[in-house]
Amino acid sequence: GKSTLLRILTGHLPQTSGRVDVNGKVSAMLSLNTVLNPEDTGLSNIKFNLLLNGSPKSEIDGLVEEIIDFTELGQFIYAPVKTYSSGMNAKLAFAITTAIKPEILIIDEVLSVGDAYFMGKATKRMIEMCDQGKGLIFVSHSNSAVQMLCDTVLWLDNGGVRMFGPAEQVLNAYE
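Residues numbered from 1 in each chain as written. Predicted model: local features only at pLDDT ≥ 70, side-chain atom pairs only at ≥ 80, totals over all residues. Heavy atoms only, no water.

Trainee: So what's going on with the sheet that holds strand 3 (residues 135-138)? Which residues, and what values?
Mentor: Read across the open sheet, the three strands follow the order 1-2-3; overall the sheet is parallel. Edge positions in the open sheet fall to strand 1 (26-29) and strand 3, since each of these has one partner strand only. Pairwise comparison of adjacent strand axes, ignoring direction, gives a mean angle of 10 degrees for this sheet. Two strands pair when backbone bridges link them, and strand 1 and strand 2 (residues 104-107) are joined in this way by four bridges, in the parallel orientation. Its bridge partner lying in strand 2, Ser27 is registered against Leu105. Here helix 4 (residues 86-99) sits on the sheet in contact with strand 1 and strand 2, set at roughly 175 degrees to strand 1. (Pairing = 2+ DSSP bridges. Helix = DSSP H or I, 4+ residues; strand = E, 2+ residues; numbered from the N terminus. Axes fitted to C-alpha atoms, helices over the stretch in contact; angles between N-to-C directions. Contact = heavy atoms within 4.5 Å.)

Trainee: Outline the pattern of salt bridges, listing residues and values.
Mentor: In this structure the tally under the stated criterion is nine salt bridges. Arg125 is the salt-bridge partner of Glu66, the closest N and O atoms lying 3.5 Å from each other. Taken together, the residues Glu66 in helix 3 (residues 57-71) and Arg125 in helix 5 (residues 116-131) connect sequence positions 59 residues apart. Glu66 sits in the partly exposed class, given a relative accessible area of 25%. Its relative accessible area of 15% is what places Arg125 among the buried residues. Residues Glu72 and Lys121 are paired through a salt bridge, measuring 3.0 Å at the closest nitrogen-oxygen approach. Of the two residues, Glu72 is situated in the loop between helix 3 and helix 4 and Lys121 in helix 5; the sequence distance between them amounts to 49 residues. For Glu72, a relative accessible area of 46% puts it in the partly exposed group. Here Lys121 falls in the buried class, since its relative accessible area comes to 17%. (Salt bridge = Lys/Arg side-chain N within 4 Å of Asp/Glu carboxyl O. Buried < 20%, exposed > 50% of the residue type's maximum accessible area, 1.4 Å probe, protein only.)

Trainee: For the packing of helix 2 (residues 42-52) against helix 3, give the residues involved together with the corresponding values.
Mentor: Across the interface, helix 2 lies against helix 3 with an axial gap of 10 Å and an inter-helix angle of 135 degrees. The angle between the axes of helix 2 and helix 3 places the two elements in the oblique class. Every pair of crossing elements has a handedness; the one defined by helix 2 and helix 3 is right-handed. Counted together, Leu43, Ile46, Lys47, Leu50 and Leu51 of helix 2 and Lys57, Ile60, Leu63, Val64, Ile67 and Ile68 of helix 3 form the full contact between these two elements. (Parallel < 35°, antiparallel > 145°, perpendicular 65-115°, else oblique. Left-handed = near helix turned anticlockwise from the far one by under 90°.)

Trainee: Just give me the short version of the packing of aromatic side chains, but keep the residues and values in it.
Mentor: Applying the stated criterion to the full structure yields four aromatic pairs. Ring centres of Phe94 and Phe118 lie 5.9 Å apart, and the angle between their planes is 90 degrees; this geometry places the pair in the edge-to-face category. Residue Phe94 is found in helix 4, and its partner Phe118 is found in helix 5; the two are separated by 24 residues along the sequence. There is no split in this pair, since Phe94 and Phe118 are both buried. Each ring, one from Trp155 and one from Tyr174, has its centre 5.1 Å from the other, and the planes form 85 degrees; the classification is edge-to-face. Pair noted here: Trp155 is in strand 4 (residues 152-157) and Tyr174 is in helix 7 (residues 167-174), with a separation of 19 residues, a long-range link. We classify Trp155 as buried; its relative accessible area is 14%. Through successive ring pairs, a cluster of aromatic residues spans Phe70, Phe94 and Phe118. Lying over the aromatic face of Phe70, Lys121 brings its terminal NZ or CZ to 4.5 Å of the ring centre. Above the ring of Phe70, the side-chain terminus of Arg125 is found at 3.9 Å from the ring centroid. (Phe/Tyr/Trp six-rings, centres within 6.5 Å; stacked < 30°, edge-to-face > 60°. Lys NZ or Arg CZ within 6 Å of the ring centre and 35° of its normal.)

Spelled out as structure tokens, the structure:
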């Protein structure tokens, strides 16, 4: 249910019934494989993804620098992504996904592969985006992460809605 719902929200899968209205530019990090080409360098992946997502050419250089700074990958940015660790992949994918300034950010559990320092940076960026009025759909089995980032929770179970409501109420029932 979760993957299907996320793919519908991102426009990668049509719904079979009902109606879905998504109002805003969506950026999603559903898996590391959907964002990065392992044969290309980190730098090439950054530029390609920025262009693919409609970033104005006049902003590309600034966004590239922002992404490189955020990832802290150093010289690895010039190496093929296939040589990256899963944590390095997560850093690059997250930085690209958030740099395109989405109105709605969808993050599936892929951030769990990063180190604690990066998780802190990523969490801070997600909170800043929410503070700016952006929407965040955050998928995780970590109750503490959900509690920190979400005020409303949808609990899916066997492809259906088990519970929907205030984070504290749903998380208590989940535990």
